Each structure stands twice: as structure tokens, then as C-alpha cells.
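Breakdown of the fold
Chain by chain, the residues run as shown.
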Amino acid sequence: MTHRGAWRRACAGTSAVVLSGGKSRRMGEPKAFLDLGGRMLIERVLDVVTDLFPETLLVTLDGIPFERFGLPVVPDCRPGAGALGGLWTGVSAAAYPRSFVVACDMPFLHPALIAHIVGRASGHDGAIPRGPDGLHPLHAVYEKRCAETLGRAIEAGALKLTDAIAGLDLAEIEEEELRRFDPSLHSLFNLNHPEDLERARRILGGAGATDHRPLGRD
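So, here is what we can say about the structure in this document. (Residues numbered from 1 in each chain as written. Predicted model: local features only at pLDDT ≥ 70, side-chain atom pairs only at ≥ 80, totals over all residues. Heavy atoms only, no water.)

Considerations on helix α3 (residues 82-93)
- Here α3 spans 17 Å end to end across twelve residues, near enough to the 16 Å set by a 1.5 Å rise per residue.
- Among all positions in α3, only Leu 84, Gly 85, Gly 86, Leu 87, Trp 88, Thr 89, Gly 90 and Val 91 are buried. (Helix = DSSP H or I, 4+ residues; strand = E, 2+ residues; numbered from the N terminus. Expected span 1.5 Å × (residues − 1). Buried < 20%, exposed > 50% of the residue type's maximum accessible area, 1.4 Å probe, protein only.)

Written as C-alpha cells, this is what we have:
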């Protein structure tokens, strides 16, 4: 079996949820449609997840700009709850019993690492990477039953993702384990500020391998 076939097999029975909304206040414009090497950021995400997973959902505040991708678009049911609301919406709407949830501004996804994270979720409420900068709840796997806990956190007024998921049994994947699949950990890099886009361009061009600054975070 090819590597791709093995990755797809690992991801069977799992939905991909791409959080595509957000106000992008720090970036100053919608991040999903930023150009990186001739492709939009969200296209780079979709290239990976649509190849791995049997279902891909786009969760967004405004679905019209995303209809071009020909994928199911799910309106964010909790628009005032930030990324947590998008996470709850996607996990609740997914057709499969677990979801790989990822932000639309993570252009260097690694299919082998994603497949490993999905596998590590077995027997838990999900699985989450812990990089050198902490947990990455928007590059993680959640079982559908997590929606109840996430919903309660929203009702209680929690907006910080790490607080909302604290009560979940998520298998944490530590840095050493992550680097076995993605030595650079560029798959955990996301864009928040205009300078992050410049860094992404350096990474894409091969110059980012020596850039040791902390990864971008939401």
C-alpha cells in the first residue's frame, strides 16, 4: 500500500472541519484568500484534507465566498464565540463520529502527521499536538461527543479554546513524537500578522528551515 493509501485508511470514518471564518483583525484582510505561491491559503489546506478524508466541511460566518470550492458550507452557529463557536459547529455538523479540525490559515499541513493524530485519538475524546509553543486545538481531532462539553463551555462564557477543552480527555502528542513526522513542525504554523505571510513565503521557498522564531498562533 502506498503512503497515501495508508493515510487515507487511517482517516476513514473521520470528517475534516476547516474553520474558514474569523474577522482577521490582526491580518487586516480575510486570511483564507491570501495568496501564497500562487494559491490561496485555504486552497493549500483543502488540497491536503480533501485527499485524506471522506468528508470536508467549511465552517464560516459568510458562506458565499466559499461556495466556489464545491464543498459543504456550514454557517457558524455561535458567531459571538470565536473559534470555539466554529469548533462546536463543525464537530456537531460532521457526518462522521470524529473530526479533524483545522484552521484555514495553516498552509503547510503534513498528511502523515494528520493521519497519526487521527490514530492517536482512539480510546480518547480526541488528540491534540503540543508543540514548543503549547497546545494546538485547531490542528486536532475531536470525537462528536465533545460537542456537549464545548457547548457547555460556550454557555458558561468561555471563549479561550484551551480553557474549553480542558475537561476533555485528549491524547497529547508531544514535540518529539510530532517531529518524527514533521521535523520542522511547519505544519503547526499559522498566519496572524502580515509578517507571518512573509515568513510563510520564506518557508515555501526553502529559506524557512533556519527560522527558529516561535510558530504563529491564533
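Brief notes about the pairing of strand β6 (residues 98-103)
- With six of six residues buried, β6 is to be regarded as a mostly interior element.
- A two-sided burial pattern is seen for β6, the buried positions comprising Arg 98, Phe 100 and Val 102 on one face and Ser 99, Val 101 and Ala 103 on the other.
- Bridge analysis of strand β1 (residues 14-19) against β6 gives six bridges, and the strand direction is parallel. Paired with Ser 15 across the bridge in β6 is Ser 99.
- For β6 and strand β9 (residues 139-143), the ladder comprises five bridges, and the chain directions are antiparallel. Its bridge partner being in β9, Val 101 is matched across the sheet by Ala 140. (Pairing = 2+ DSSP bridges.)

Quick look at the side chain of Asp 196
- Mapped onto the secondary structure, Asp 196 falls in helix α8 (residues 194-204).
- Of the side chains with opposite charge, Arg 199 lies nearest to the buried Asp 196, which makes no salt bridge, at 5.9 Å.
- Apart from the residues lying within four places of it in its own chain, the contact partners of Asp 196 are Phe 189, Asn 190 and Leu 191. (Lys, Arg positive; Asp, Glu negative; His and termini not counted. Salt bridge = Lys/Arg side-chain N within 4 Å of Asp/Glu carboxyl O. Contact = heavy atoms within 4.5 Å.)

As for the environment of Asp 125
- You can see Asp 125 is positioned in the loop between α4 (111-120) and β7 (126-131).
- As a C-alpha pair, Asp 125 and Ser 184 span 59 residues in sequence and 27 Å in three-dimensional space.
- The residues touching Asp 125, leaving out its near neighbours within four places in the chain, are Val 141, Tyr 142, Glu 143, Arg 145, Cys 146, Leu 168, Asp 169 and Leu 170.
- Side chain to side chain, Asp 125 and Arg 145 meet in a polar contact 2.8 Å long. (Polar contact = N/O pair within 3.5 Å; in protein donor to acceptor, adjacent residues only side chain to side chain.)

Keep in mind these values describe shape, not function.
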